[in-house]
Amino acid sequence: MDEKNLEKLRQEVDAINFELLRLINQRGALVKEIANVKQKQGQPKFDPMRERAMLNRLIERNEGPFDDKTVSYLFKQIFKASLSLQQEDNSRRLLVSRERHAENTIVDVGGKLIGAQPIIIAGPCAVESEEQIEIVAQELVAQGLSFIRAGAFKPRTSPYDFQGLGLEGLKILRKVADKYDLKVVSEIVSPVDIPLATEYVDVIQIGARNMQNYELLKAAGMVKTPVLLKRGISATIEELIFAAEYIVSKGNSQVMLIERGIRTYERWTRNTLDILAVPILKQETHLPVLVDISHSAGRKDIAIPIAKAALAAGADGIMVEFHPDPEVALSDANQQLNHAQFRELLTSLRTGNFI
Ligand code: PEP
Ligand code: MN
């Protein structure tokens, strides 16, 4: 008789479990509807006041046998799960997400594609003179490369360090690049200079220090010029993705991401190259992902293995600093490759079929 009774009780518990499951999911569906309404109204998803009031009301009605603390804990878990349901939904909706757009975005820089075949963006840290950019351009052309990088606006740690040639630097880049049919990648640091950028550069670089400069991101989103967005010095992968979303949500779909190392306790490299970010960004977004092997390492003796690691991890290209005479460079002298080192890097990548 006891056996039969136990079986019946168990069946009742099982039925309640299924009913709870149905109710929890019904609740989840409602919560998602609420999230949609809140999204449209621009309201925050989490409402702690409402949650507290609800917990109080549940405790008031609690007749046991669960004590108030347990009831409060159980409902808190339901609230938390619902919130993450809303947030997951939100990130699934991101324009840059792979879930939203399955195919890879191929960025078209005046006919040169990024995201199709691995590419190399090379050049000095900063524009120092027309002669310097001429020498770099000649080397790039000799190597069959299409993208020249060089900073005209340099965000330096110290205000007393070389700040770049500004507009003059952009003019030099444009002039030399046109002469050699190269595409210019150069950093813009202020939203007011975005219109200037559209005139002189082919790719607007947004630097690590500006990854969360939202006004700059929005301004870059309002033009058609492709954007190369660097990961912030202490930014998470998610923050980088949201920063890209700022640009794309304003209308500019031509965005590329670049991992350039993050700050850790390690001192033997300038930053720590987060190689894991490459496959994660490729998986979570549809944007091209590049790796900066110069600002991550801050040294040149390991340029070849890092470049190979980046490309093996699935990067769509690498950025590398190359200067005709690194020893006299006005910035980042330690990490810029000279002619011989640059050629050695390219030969090694080519013979290994990395590019
Ligand atoms: C650069 O690429 O010139 C540069 C300043 O890099 P980062 O913003 O990654 O420090
Ligand atoms: Mn540099």
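Above this text you will find the structure in question.
None of these values were measured; they are calculated from a predicted model.

J.: I'd like a rundown of the overall build of the protein, residues and numbers included.
T.: When helices and strands are tallied, the protein shows 12 helices and 10 strands. Taking 20 Å as the expected radius of gyration for a compact globule of 355 residues, we find that the protein reaches 27 Å, considerably beyond that expectation. Considering the protein as a whole, with its 355 residues, one finds that 45% of them fall into the buried category. Long-range pairs, those at least 24 residues apart, make up 69% of the contacts in the protein between residues at least 6 apart in sequence. For the protein, the exposed area adds up to about 18,800 Å²; of that, 55% sits on carbon and sulfur atoms.

J.: Requested: an account of the pattern of salt bridges, with residues and values cited.
T.: Throughout the structure, instances matching the rule amount to 17 salt bridges. Linking Arg149 and Glu321 is a salt bridge whose minimum nitrogen-to-oxygen distance equals 3.5 Å. Taken together, the residues span a long stretch of sequence, with Arg149 in strand E4 (residues 147-149) and Glu321 in strand E10 (residues 317-321) at a distance of 172 residues. Comparing Arg149 with Glu321 shows no difference in burial state: the two are buried. For Asp274, the salt bridge identified is with Arg231, shortest N-O distance 2.8 Å. Remark: Arg231 occurs in the loop between strand E7 (227-230) and helix H8 (237-249) and Asp274 occurs in the loop between strand E8 (255-259) and helix H9 (277-284); sequence separation between them is 43 residues. One network of salt bridges, in which partners are shared, links Arg174, Asp178 and Asp202.

J.: An account of the coordination of the manganese ion (ligand 2) is needed here, citing residue identities and associated values.
T.: On the protein side, the manganese ion (ligand 2) has Cys125 (SG), His295 (NE2), Glu321 (OE) and Asp332 (OD) as donor atoms, found 2.0 to 2.3 Å from it. Taken in chain order, the donor set of the manganese ion (ligand 2) reads C-x169-H-x25-E-x10-D. Placement of His295 in helix H10 (residues 293-297) and of Glu321 in strand E10 is noted, with a sequence separation of 26 residues between them. The pair His295 / Glu321 is uniform in exposure class, with both members buried.

J.: Account for the sheet that holds strand E6 (residues 203-206), with residues named and values stated.
T.: Working definition: the strands of a sheet are paired by backbone hydrogen bonds and lie parallel or antiparallel to each other. Strand order in this closed barrel of 8 strands is E3-E4-E5-E6-E7-E8-E9-E10, and the pairing throughout is parallel. Direction aside, neighbouring strands of the sheet carry axes that sit 25° apart on average. With 2 bridges connecting them, strand E3 (residues 119-123) and E4 associate as parallel partners. Among the inter-strand pairings, Ala122 is bridged to a residue of E4, identified as Ile148. The sheet strands contacting helix H4 (residues 130-142) are E3 and E4, and the helix crosses E4 at an angle near 150°. In the packing of H9 onto the sheet, contacts are made with E8 and strand E9 (289-292), and the angle to E9 comes to roughly 160°.

J.: Could you give me a rundown of the nonpolar core, with the residues and numbers involved?
T.: By size, the foremost hydrophobic cluster in this structure holds 69 residues, and its most contacted members are Ile204, Ile206, Leu229, Ile293, Ile318 and Phe342. Here this core gets 7 residues from one element, more than from any other, and that element is H8. If sequence neighbours within four positions are ignored, Ile206 has contacts with Met211, Leu216, Leu217, Ala220, Val227, Leu228, Leu229, Lys230 and Ile247.

Rules and cut-offs
Residues numbered from 1 in each chain as written. Chains lettered and ligands numbered in written order. Predicted model: local features only at pLDDT ≥ 70, side-chain atom pairs only at ≥ 80, totals over all residues. Heavy atoms only, no water. Helix = DSSP H or I, 4+ residues; strand = E, 2+ residues; numbered from the N terminus. Rg over C-alpha atoms; globule rule 2.2 N^0.38 Å. Buried < 20%, exposed > 50% of the residue type's maximum accessible area, 1.4 Å probe, protein only. Contact = heavy atoms within 4.5 Å. Areas by Shrake-Rupley, 256 points an atom, 1.4 Å probe, with all protein chains shown as cover. Salt bridge = Lys/Arg side-chain N within 4 Å of Asp/Glu carboxyl O. Donors = N, O, S within 2.8 Å, 3.2 Å for Na, K, Ca; no water. Pairing = 2+ DSSP bridges. Axes fitted to C-alpha atoms, helices over the stretch in contact; angles between N-to-C directions. Core = buried A, V, L, I, M, F, W, Y, C linked by side-chain atoms within 4.5 Å.

Treat this as a map of the structure, not an account of what it does.
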